[in-house]
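Structural characterization, general
Listed here are the chains, written in short residue letters.
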Amino acid sequence: MRTFTVTTVIAIFVLLGFSGYSQNYGQKDNTVRVLTFNILHGATTQGDFDLDKLAALIKDADADIVALQEVDFKTQRAKGYDLVTELGWRTKMSPLFGIAMPYNGGAYGEGILTKTPILESKNVALPHSPGNEPRAALSVLIQLASGDTIRFIATHLEHQENSTDRIDQVKKINAVFANDRFPAILAGDLNATPESEPLSILKKHWTDSSQKTSFLTFPSDAPEIKIDYILFSPAQKWEIVESRAICDTIASDHCAVLSVLRLKKN
């Protein structure tokens, strides 16, 4: 049996072009298919808890990375399931859960599914008023097939109409992520319409991937407003290939949003 010294292993890594976050593991594709989807804690609009239905929408979208909102982790109402792991198993994607608050015997928060390697993750608590639900922004560094590293942030903002929490929450997101050293994508249910103050604050640093396409996202059976978004930063680093809503009236009360983005080369 052939043995390798440490020096030999290092030499092999050098010959293969290993370079940490910038390694290339096969393809040159620098596009990413992004989906954001509020999954209604797995209940569906018929209340039948059909995780296969949710997984089918994600698989049909052929998303590379997914932001999930209203994600339960082993709660009683979700029958003890870790929803993001169950959906990861069904879609053959890597799952990650970020807690926003303990809930119903388990936890409630954000989820991410990805086909690409995760290099780093962190969960950022967002400000909220007493009595309102805690909120979070779940972030990962991932590596595209091209070898490029990007940051992806999944979030779900306050839903109360008379609350200023959304403004405080987007300011926190900007403070933490707007000047990231990596190109970034922010996706989620923002509970804010395009002309609202929270979106105006975000748009100081982020660009809406649906800016050239007009569509609504809620409710899924007859959409009246747009509150689900995929944003990116910095503007000059990304090209919008496609952006559209996917409205399945049974899977969720929200339409999912799919955007295909291409990372520009320097």
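Residues numbered from 1 in each chain as written. Predicted model: local features only at pLDDT ≥ 70, side-chain atom pairs only at ≥ 80, totals over all residues. Heavy atoms only, no water.

This part is about the sheet that holds strand β9 (residues 207-208). Pairing is mixed in the open sheet, where six strands are placed in the order β5-β6-β7-β8-β10-β9. A single partner strand is all that each edge strand has here, and the edge strands are β5 (118-126) and β9. With six bridges joining them, strand β7 (residues 149-156) and strand β8 (residues 184-189) adopt parallel strand pairing. Residue pairing for β8: Phe152 is matched across the bridge by Ile185. (Pairing = 2+ DSSP bridges. Helix = DSSP H or I, 4+ residues; strand = E, 2+ residues; numbered from the N terminus.)

It is worth spelling out the state of the cysteines at this point. Evaluated as defined, the whole model comprises one disulfide. Sulfur-sulfur distance for the disulfide between Cys247 and Cys255 comes to 2.0 Å. On the sign convention where negative is left-handed, the bridge of Cys247 and Cys255, at about 100° about the S-S bond, is right-handed. For Cys247, a relative accessible area of 39% corresponds to the partly exposed category. Overall, the relative accessible area of 1% leaves Cys255 in the buried class. (Disulfide = S-S within 2.5 Å. Buried < 20%, exposed > 50% of the residue type's maximum accessible area, 1.4 Å probe, protein only.)

Within the chain, residue pLDDT values average 90, and 89% of them lie at 70 or more. With pLDDT under 50 throughout, residues 1-27 is counted as low confidence; its partners more than four residues away or in other chains account for 26 contacts. (pLDDT = per-residue confidence, 0-100. Contact = heavy atoms within 4.5 Å.)

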